[in-house]
Amino acid sequence: MTATLKAGEEVPRTRQPRRRRRGDGKLAVGAVIVGLFVLAAIFAPLITSGHPADQDLLNRLAPPSQAHILGTDQLGRDEWTRLVHAIRIDLRVAALGSLIPAILGSLIGIVAGLGNHWLDAAIMRTSDIVVSLPLFVFFIALVGLLGPGTGFLFLDPGELPLIIGFTVISWVVYARLLRSEVRRVRSMDYVRAARLGGLPRWRVITWHIVPNAIGQSIVYFFVDVGLAVVAISTLSFLGVGIPIGTPEWGSMIQAGRNVIQTNWWLIAAPGAAIALIGMGLALIGDGLDDRIKS
Amino acid sequence: MTGTEAVIEIANLSIAAGQGGVTLVDDVSLHVDAGECLGIVGESGSGKSLTLRSVLGLLPPALHQTRGTMRFQRENEGLHSVGPRELRGRGVSMIFQEPMSSLNPTMRIGDLVAAGQRARGMSRRAAAGQALRLLAEVGVPHPEQRARAWPHQLSGGLRQRVMIAMALSVEPTLLLCDEPTTALDTTVQDQILTLVERLRIERGLALIFVSHDLSVISRIANRTAVMYAGRVIEQGPTHALVDNPRHPYTRALIESMPQLHGPPTRLRTISGSPPTAGRLPAGCRFAPRCPLAADACHEADPPLLSIGPHRSTACFRQTALNAGEQP
Amino acid sequence: MFGTVKGREGRFVVAMRVLLGRLFQLILVLLAVTLVVFVLTQIAPGDAARLRLGPRASPEAVSELRHQLGLDRGLPRQYLAYIIRVLHGDFGTSIDGQHVSSIIGQRIGDTLWLLLGTLMFAVPAALILAWTAAWFRDRTVDHAIRLGVLLAMFLPAFWVGFLLIRLVAMPTGWFPVADLGSGPGDLIRSLVLPSVTGAILLTAILVRSLRSSLIDVLDSEYIAVARSLGVGGSTLIVRHVLRNAVGPVLTLLALNVGYLFFGVVILEATFNIPGLGSALVEASAKRDVYTVQGITLLFAAGVVLANILGETVVSMLDPRTVST
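Residues numbered from 1 in each chain as written. Chains lettered and ligands numbered in written order. Predicted model: local features only at pLDDT ≥ 70, side-chain atom pairs only at ≥ 80, totals over all residues.

- An unreviewed UniProt entry lists chain B under the name ABC transporter ATP-binding protein, with Streptomyces endocoffeicus as the source organism.
- UniProt, in the comment section headed Sequence similarities (unreviewed entry), describes chain B in these words: "Belongs to the ABC transporter superfamily."
- UniProt lists a comment for chain B under the heading Subcellular location (unreviewed entry), and it reads "Cell membrane". (UniProt positions renumbered as here; feature names shortened; annotations may be inferred.)

- By the naming in an unreviewed UniProt entry, chain A is ABC transporter permease, taken from Streptomyces endocoffeicus.
- The annotation that UniProt attaches to chain A under Subcellular location (unreviewed entry) is "Cell membrane".

Listed below in structure tokens is the structure:
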């Protein structure tokens, strides 16, 4: 830095080559996996043949062939078509079943983190009880007894109970995460400085506290969507939630269990799809986590 | 300079963060003679504690010793080259800084003091008996009762006495002290220093005593090494070093020390702050803060050179310091 | 070594106090659970009496049964009657006319075996993996374990079960795939695959937290002190490290009992094991209200009890809860 600059000469902006940051690899792999699933769901009619409910009773339990790359099931329905159309149901319900509790739980967590002692204690005790209950068992009992119900707005029968159930179960995680993060950020010097500097309270919250406290819950959101996919398919495997017969990965596996010896791919393929999308979402979450921490 | 009576000799020790990372301790050589107390003084981050911990191989996981050899004297066998793990509980033990976090919360005091000997195969009964004797020796009142207590039930001063009893349990010839008094109240600090001093004399221990506090060091150490930014910059008998510092940093340390005796003087502080590891200045590491710095000081790092019997300094300008030039 | 009756007594008393406080909480939570279960069965569609007697029964017979079951009384009185019956161990009768308590009695054995089997595989596996990851932290082994564990959380348990049946049980014929065996040898053989399946998810959950609590202990100054005294090898691990990590493991296990029960329901459905979980699934498909009530209540009580037990043991293990 010994060279002197002449008047009017611009300071050369040294642009550092973008360094590879920790977690970039995981993020990329995860994004590619999830991206492919989303694209497949959007363009499902283009990459599959016919409707997932189309039956070909003369061609039941066919092995994989050019016409049916994953063969057909007991009713002669094309397995690949059902597999791809199932992404629409599983991802949509999982995304909503994670987004609603994420928003609700985060708001509750922020209120608990900023609020007075009593409010905070009440919210925390409630979350203690929620955590200590076997909610999935309740869920089986409740939805089993009530039945899948009817559709709601753009939701098909069976989807609303799932979304409500996930909301009851997972708001707690976000509430606790946000509460402790808000408490941590609230005592930081820059927040104190902003408050003493006369910034209105809601500005301090929206500009300084929330953006700095939200990181971990975004990480968890991606993990949660993956866990929700696993939970949706597990519940419909148990016959709860999404009605039997719908193209959904868990009920496809349930349907294939009787022919596991001969047509094992009817079980292997939907399970692999669940595991793969789950891993993709987990990799995105973990990659983001690495980035936040580095 | 090193006599045959040296207990330990550390040569060319370097410690870095990670593989090929920032150097935190750079080419440090030290030795301690039998029955002697070597003080190491320096600011936090000067590498004094790392140097001490590396003797027993207790560096934090991210740090590695990149260079250096160690020789240790056992029972008149002469100096033998050793690795840090061979010294743990075998000739060397250590007193740690935080008496709260250094006692395992799930073990009773008696079991803690007996742990070292139990690891060497002593019977339960014998180790328990020895633990009681040691607790008495370090001045823990009611040893039988205290042996059954848990660490959280003791005061800071008592915990540090327990820590000392643990260190003594393996009958070391060299005791490493890592700021053992820093976390304590001043009066307790004094008691602990008295105890360490007494044990040194009674047991003929050699000590390495690390502290950021020159007044503590000047009270307990026969010989002192001053560390700055990972290097030893001056070494010599403590009283000579304090009376007649031969490095501007040592002089600054002494001037920033409050005097209890003599007329009150204005305390001096050292301007600036020590360099961050990995961003060391060219030349002498102290030069940017040094009132005597000359051009040469910014160009080359002065080596640690002998300047008389048992004394050495790493300063190009030590003659200027000698002439009494004041900033 | 210095343990005396006096020291133990102090810990015991504190543990008892914690236990009593928790028992009070147990009663509160169980009351809440019965209320939830009761409301749940109230909003279930269909009339319990009509469901029992079938569509062809006369209205008189239905109202007669309604009266017998107490369904014609007000809700608060029904709830009170329900609580009193539960307290007497009477969970009502199923649609098929069996006592729910005897259904539970027949089925609980298999469920307990599955829980035990899952824990027997999951806890040692979690300890070994977490230990390895903590010891080699930030090296390749650690990264591999952490990634593997993360991905394992997304393997659907029923799918893993079917894969094991198809790839292990069917070709080898070693493991029966339906029902639990009766003799000890058969029982163990039939437990292996379900337990491994259940353990995969539980291990993943446990390793994630256990690794960080082990690292906290390994990094602690008191472990450096123990090492400085020459304590190493198995003594260091067992006496100095594990004792400090037991608490977090138990707390974590207790917190995840709810998921563990859910896991057992899945295992029973996958491996055709007639335990409480499959009874619950069957009953809820048949709208068998009293059976669903009874089993749900039992699972809820199990979760709450496990939490209390976990907390009590943890407080007994931690000497800091004793103040003298």
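Now that the structure has been shown, we can carry on.
**Looking at the packing of helix α7 (residues 189-196) of chain A against helix α8 (residues 201-213) of chain A**
How two helices sit against one another is set out by the angle between their axes and by the gap between those axes.
Residue and element names in this part refer to chain A.
Part 1 of the argument: At a minimum axis distance of 10 Å, the contact between α7 and α8 shows a crossing angle of 160 degrees. In terms of orientation, α7 lies roughly antiparallel with respect to α8. Crossing of α7 over α8 shows right-handed handedness. Where α7 approaches α8, its residues Y190, V191, A194 and R195 are matched on the opposing element by V204, H208 and I209.
Part 2 of the argument: Of the residues assigned to the contact of α7 with α8, the class counts are five nonpolar, one polar and one charged. (Axes fitted to C-alpha atoms, helices over the stretch in contact; angles between N-to-C directions. Helix = DSSP H or I, 4+ residues; strand = E, 2+ residues; numbered from the N terminus. Parallel < 35°, antiparallel > 145°, perpendicular 65-115°, else oblique. Left-handed = near helix turned anticlockwise from the far one by under 90°. Contact = placed C-beta atoms within 7 Å. Nonpolar A, V, L, I, M, F, W, Y, C, P; charged D, E, K, R; others polar.)

**Side note on the environment of L253 of chain C**
Part 1 of the argument: Within the secondary structure layout, L253 of chain C lies in helix α10 (residues 233-255).
Part 2 of the argument: Considering only alpha carbons, one finds L253 of chain C and A306 of chain C, 53 residues apart in sequence, at a separation of 8.7 Å.

**A few points about the domain arrangement of chain B**
Residue and element names in this part refer to chain B.
Part 1 of the argument: Along its sequence, chain B is carved into domain 1 (6-91 + 172-266) and domain 2 (99-170).
Part 2 of the argument: Measuring from the centre of the C-alpha atoms in domain 1 to the corresponding centre in domain 2 gives 25 Å.
Part 3 of the argument: Tallying the contact residues gives ten residues for domain 1 and twelve residues for domain 2.
Part 4 of the argument: When residues in the side of domain 1 that touches domain 2 are grouped by element, the largest group, four residues, is from helix α7 (residues 186-203). (Domains from an automatic or database assignment.)

**Digging into the UniProt feature "domain: ABC transmembrane type-1" (unreviewed entry) in chain A**
Part 1 of the argument: Here, the residues flagged by UniProt with the feature "domain: ABC transmembrane type-1" (unreviewed entry) are residues 87-285 of chain A.
Part 2 of the argument: The distance separating the terminal C-alpha atoms of residues 87-285 of chain A is 20 Å; by composition the span is 78% helix and 0% strand.

**Thoughts on α7 of chain B**
Part 1 of the argument: In this model, α7 of chain B (18 residues) spans 26 Å end to end at C-alpha, consistent with the 26 Å of a helix rising 1.5 Å per residue.
Part 2 of the argument: Trailing α7 of chain B by a residue or two, G204 of chain B shows a phi angle of about 60 degrees, which is positive. (Expected span 1.5 Å × (residues − 1).)

**Things to note about the packing of helix α7 (residues 157-172) of chain C against helix α11 (residues 257-270) of chain C**
Residue and element names in this part refer to chain C.
Part 1 of the argument: Contact geometry of α7 with α11 gives a least axis separation of 9 Å together with a crossing angle of 35 degrees. Two packed elements cross with a definite hand, and for α7 against α11 that hand is right-handed. Contacts between α7 and α11 involve A157, F158, G161 and F162 from the former and G263, I266, L267, A269 and T270 from the latter.
Part 2 of the argument: Grouping the amino acids of the contact of α7 with α11 by side-chain chemistry returns six nonpolar, three polar and no charged.

**Here we look at the interface of chain C and chain A**
Part 1 of the argument: With 37 residues of chain C at the contact, the number on the chain A side is 36 residues.
Part 2 of the argument: Every element with two or more residues in the side of chain C that touches chain A is listed here: α1 (5-42), α6 (140-152), α7, α11, α12 (276-285) and α13 (289-317) of chain C.
Part 3 of the argument: Among the residues forming the side of chain C that touches chain A, the class breakdown is 30 nonpolar, five polar and two charged.

**Here we look at the interface of chain B and chain C**
Part 1 of the argument: Of the residues lining the interface, 33 residues belong to chain B; the matching set on chain C comes to 23 residues.
Part 2 of the argument: Per element, the largest residue contribution to the side of chain B that touches chain C is six residues, and it comes from helix α3 (residues 109-119) of chain B.

**Quick look at the sheet that holds strand β4 (residues 63-73) of chain B**
Residue and element names in this part refer to chain B.
Part 1 of the argument: Read from one edge to the other, the open sheet built from four strands follows the order β2-β1-β4-β5, with strand pairing classed as antiparallel. Since the sheet does not close on itself, it has two edges, and those belong to β2 (23-33) and β5 (79-81), each with one partner. Here the average twist between neighbouring strands, direction ignored, is 15 degrees.
Part 2 of the argument: Across three bridges, β4 lies against β5 in antiparallel orientation. Bridge assignment links F72 to a residue of β5, and that residue is H80. (Pairing = 2+ DSSP bridges.)

**Focus: the UniProt feature "transmembrane region" (unreviewed entry) in chain A**
All names here are of chain A.
Part 1 of the argument: UniProt annotation of "transmembrane region" (unreviewed entry) refers to residues 27-47, 99-119, 131-154, 160-178, 218-244 and 264-284 when read in the numbering used here.
Part 2 of the argument: In the segment residues 27-47, helix accounts for 95% and strand for 0%; the C-alpha atoms at its two ends are 26 Å apart.
Part 3 of the argument: From the first C-alpha to the last, residues 264-284 spans 30 Å; its make-up is 95% helix and 0% strand.

**As for the confidence of the model for chain B**
All names here are of chain B.
Part 1 of the argument: When pLDDT is averaged along chain B, the result is 86; 93% of the residues meet or exceed 70.
Part 2 of the argument: Across chain B, the secondary-structure element scoring lowest on mean pLDDT is helix α12 (residues 318-322), at 74, and the one scoring highest is strand β3 (residues 37-41), at 95.
Part 3 of the argument: At the level of chain-chain contacts, confidence expressed as ipTM amounts to 0.85, with global pTM at 0.78. (pLDDT = per-residue confidence, 0-100.)

**Considering the nonpolar core**
Part 1 of the argument: Ranked by size, the top nonpolar core spans 157 residues in total, and within it V137, I140 and I232 of chain A together with F261, V265 and L280 of chain C carry the most contacts.
Part 2 of the argument: Residue contacts for L280 of chain C: discarding those within four places in its chain leaves I140 and A141 of chain A together with V265, V292 and I295 of chain C. (Core = buried A, V, L, I, M, F, W, Y, C linked by C-beta atoms within 7 Å. Buried ≥ 20, exposed ≤ 12 C-beta atoms within 10 Å, placed from the backbone.)

**Side note on the arrangement of the chains**
Part 1 of the argument: With two pairs of chains in contact, the largest contact count belongs to chains A and C.
Part 2 of the argument: Separated without contact, chain A and chain B have their nearest C-alpha atoms at a distance of 15 Å.

**A word on the pairing of strand β6 (residues 92-95) of chain B**
All names here are of chain B.
Part 1 of the argument: Side chains of β6 alternate between two faces, with V92 and M94 and S93 and I95 buried alike.
Part 2 of the argument: As paired elements, β6 and strand β7 (residues 174-178) share four bridges and run parallel to each other. Each bridged residue has a counterpart across the sheet, and for I95 the counterpart in β7 is C177.

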